[in-house]
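Read off the chains here:
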Amino acid sequence: MNQKTIGILAVFFAGFFWAIETVFIKLSFWGCADVLGVAFFRGVFAGVLAFFFVLFVKKSASEFIVTRKQFSAVLYIAVAGSLVADVLFMYALNFVPIVNANLIAHMQPAFIILLGFFLLKEDKLTKREYFGIFVLLLAGLFVSTQTVENFFSLKFGTFGDFL
């Protein structure tokens, strides 16, 4: 198999598993698991995978060294991006249908692009990228409002949709 085919398959399977992740999290709540327990085991599993990734895939040790200057940013990303965001997402799953949670959670890249553009003055966006982000956000609004009447009367979902 050539590199392009492997890349396409990797993206397909990553998207597939990212999509069914929400179903398995919601199913775990039917048993005896709670939000913090699921978040803890997700963090441990991700940490073990990251350790083996760094151990076996690294090209040189200098690629994965965090300097003192970078440490505060890495710590912020770990706490806000992984811990807090995961706990809020799993807590919100108790209040919303899986389709709403999945769609809203998968809008995350659009928000990251917009925040990077406006706050960090990163790369310029093309008209096509603006259109794609607009369509993505509009789809999220349609799903969270659930009906056309709610959309036009500005009744946007539940508290869980907001989380």
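Note that the coordinates shown come from a computational prediction; the quantities given were computed from them, not determined experimentally.

*Asks:* Please clarify how the layout of surface pockets should be interpreted in this entry.
*Replies:* Gaps between atoms show up when a probe of the same size as a water molecule is rolled over them. Of the volumes computed, that of the second largest pocket is approximately 440 Å³. Along the walls of the second largest pocket sit 15 residues, with R42, G43, F45, A46 and D86 positioned nearest its centre. Secondary structure elements with two or more residues in the lining of the second largest pocket: helix 1 (3-30), helix 2 (35-57) and helix 3 (68-92). Per-element tally for the lining of the second largest pocket: the top contributor is helix 2, with eight residues. Residues of the lining of the second largest pocket, tallied by class, amount to ten nonpolar, three polar and two charged.

*Asks:* Before we go on, may I ask you to explain the packing of helix 1 against helix 2 in this structure?
*Replies:* Packed helix pairs are specified by the crossing angle of their axes together with the interaxial distance, meaning the distance between the axes. At a minimum axis distance of 10 Å, the contact between helix 1 and helix 2 shows a crossing angle of 130 degrees. As far as their axial angle goes, helix 2 and helix 1 are oblique. You can see that helix 1 and helix 2 cross each other, and the crossing is right-handed. Of the residues in helix 2, those in contact with E21, I25, S28 and F29 of helix 1 are V35, V38 and R42. The class makeup of the residues in the contact of helix 1 with helix 2 is four nonpolar, one polar and two charged.

*Asks:* What am I meant to see in the packing of helix 1 against helix 4 (residues 98-105) here?
*Replies:* Where helix 1 meets helix 4, the closest approach of the two axes is 10 Å, and the angle between their N-to-C directions is 135 degrees. With respect to each other, helix 1 and helix 4 are oriented oblique. As for the relative orientation of helix 1 and helix 4, their crossing is right-handed in sense. Contacts between helix 1 and helix 4 pair W18, A19, T22, V23 and K26 from the former with I98, A101 and N102 from the latter. The residue makeup of the contact of helix 1 with helix 4, split by class, is five nonpolar, two polar and one charged.

*Asks:* Please explain helix 2 as it appears in this structure.
*Replies:* Side chains three or four residues apart in an α-helix point the same way, a direct result of the helix having 3.6 residues per turn. Helix length check: helix 2, at 23 residues, gives a terminal C-alpha distance of 32 Å against a target of 33 Å (1.5 Å per residue), a fit within 8%. Taken together, the buried positions of helix 2 are V35, V38 and A39. Packed against the buried residues of helix 2 are helix 1 and helix 3.

*Asks:* Explanation requested: the confidence of the model for the protein chain in the structure shown.
*Replies:* Reading fine detail from the predicted coordinates is not recommended where pLDDT is low. Overall, the prediction assigns the protein chain a mean pLDDT of 77, with 87% of residues at 70 or greater. Put simply, helix 8 (residues 159-162) is where the protein chain has its lowest mean pLDDT, 52, and helix 1 is where it has its highest, 84.

Rules used throughout
Every chain begins its residue count from 1, and numbering advances along the sequence as written. Per-residue local features of the predicted model are confined to residues with pLDDT of at least 70, and side-chain atom pairs are confined, for both listing and counting, to 80 or more; whole-chain, interface and lining totals are unaffected and use all residues. With hydrogens and water stripped out, all remaining heavy atoms of the structure feed into the side-chain values. Cavities and pockets are defined on a 1 Å grid built over the protein atoms alone: a cavity is a set of grid points where a 1.4 Å probe fits but cannot escape, while a pocket is an open set with protein on both sides within 12 Å along at least five of seven lines, and lining residues are those with an atom within 4 Å of any such point. Grid points are joined across faces, edges and corners, and a volume is the space filled by probe spheres set on the points. Under the scheme used here, helices are H or I runs from DSSP no shorter than 4 residues and strands are E runs no shorter than 2 residues, and both carry numbers assigned from the N terminus. Three residue categories are used. Nonpolar comprises Ala, Val, Leu, Ile, Met, Phe, Trp, Tyr, Cys and Pro, charged comprises Asp, Glu, Lys and Arg, and polar comprises the others, including Gly. Here the axes come from fitting lines to C-alpha atoms, over the contacting stretch only for helices, and the angles between their N-to-C directions go from 0 to 180 degrees. Oblique is the label for every angle not falling under 35 degrees (roughly parallel), over 145 degrees (roughly antiparallel), or within 65 to 115 degrees (roughly perpendicular). For any pair of crossing helices, the crossing counts as left-handed if the nearer helix is rotated counterclockwise from the farther one by less than a right angle, and right-handed if it is rotated clockwise. Throughout, a contact is declared for two residues whenever any of their heavy atoms are within 4.5 Å. How far a helix is expected to stretch is found by multiplying one less than its residue total by 1.5 Å. Burial classification: accessible surface area is computed with a 1.4 Å probe over protein chains only, and a residue below 20% of its type maximum counts as buried, one above 50% as exposed, and the rest as partly exposed. The predictor attaches a confidence to each residue, called pLDDT, with possible values from 0 through 100.

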